[in-house]
Amino acid sequence: MTFSEKMNEYIELIGCSAKELSDASLISPAVISRYRNGERIPKYPSEQFNALVAGIYILSKDKN
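Conventions adopted
- Residues numbered from 1 in each chain as written.
- Predicted model: local features only at pLDDT ≥ 70, side-chain atom pairs only at ≥ 80, totals over all residues.
- Heavy atoms only, no water.
- Salt bridge = Lys/Arg side-chain N within 4 Å of Asp/Glu carboxyl O.
- Helix = DSSP H or I, 4+ residues; strand = E, 2+ residues; numbered from the N terminus.
- Buried < 20%, exposed > 50% of the residue type's maximum accessible area, 1.4 Å probe, protein only.
- Phe/Tyr/Trp six-rings, centres within 6.5 Å; stacked < 30°, edge-to-face > 60°.
- Lys NZ or Arg CZ within 6 Å of the ring centre and 35° of its normal.

Attention shifts here to the pattern of salt bridges. Think of it this way: side chains of opposite charge can pair up when their charged atoms draw near. The final tally for this structure, using the stated rule, is three salt bridges. The partner of K6 in a salt bridge is E9, and the shortest N-O contact between them spans 3.4 Å. Residue K6 and its partner E9 are both found in helix α1 (residues 3–14); the two are separated by three residues, about one turn of the helix. Among the residues examined, K6 registers a relative accessible area of 33% and is labelled partly exposed. Using a relative accessible area of 37% as the deciding quantity, one classes E9 as partly exposed.

Here the focus is the packing of aromatic side chains. Under the defined criterion, the tally for this structure stands at two aromatic pairs. Taken together, a centroid distance of 6.0 Å and an interplanar angle of 80° make the contact between F3 and Y35 edge-to-face. With F3 in helix α1 and Y35 in helix α3 (residues 29–37), this residue pair connects regions lying 32 residues apart in the sequence. Looking at K6, its charged tip hangs above the ring of Y10, at a distance of 5.5 Å from the centre.

Written out as structure tokens, the structure is:
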């Protein structure tokens, strides 16, 4: 499974929008879009990756 497929799976599972993930992670909507369509993958470890994980975590707590 690719990074974009996994990210889209999490977004669907949580039931959030890309805009909500952008707001929660403080990553621009354009970058979120590039991650979702596979144009870009965050380096690991990096601040971007950590921010993305934190945003997914925050939204999963808020949505449950």
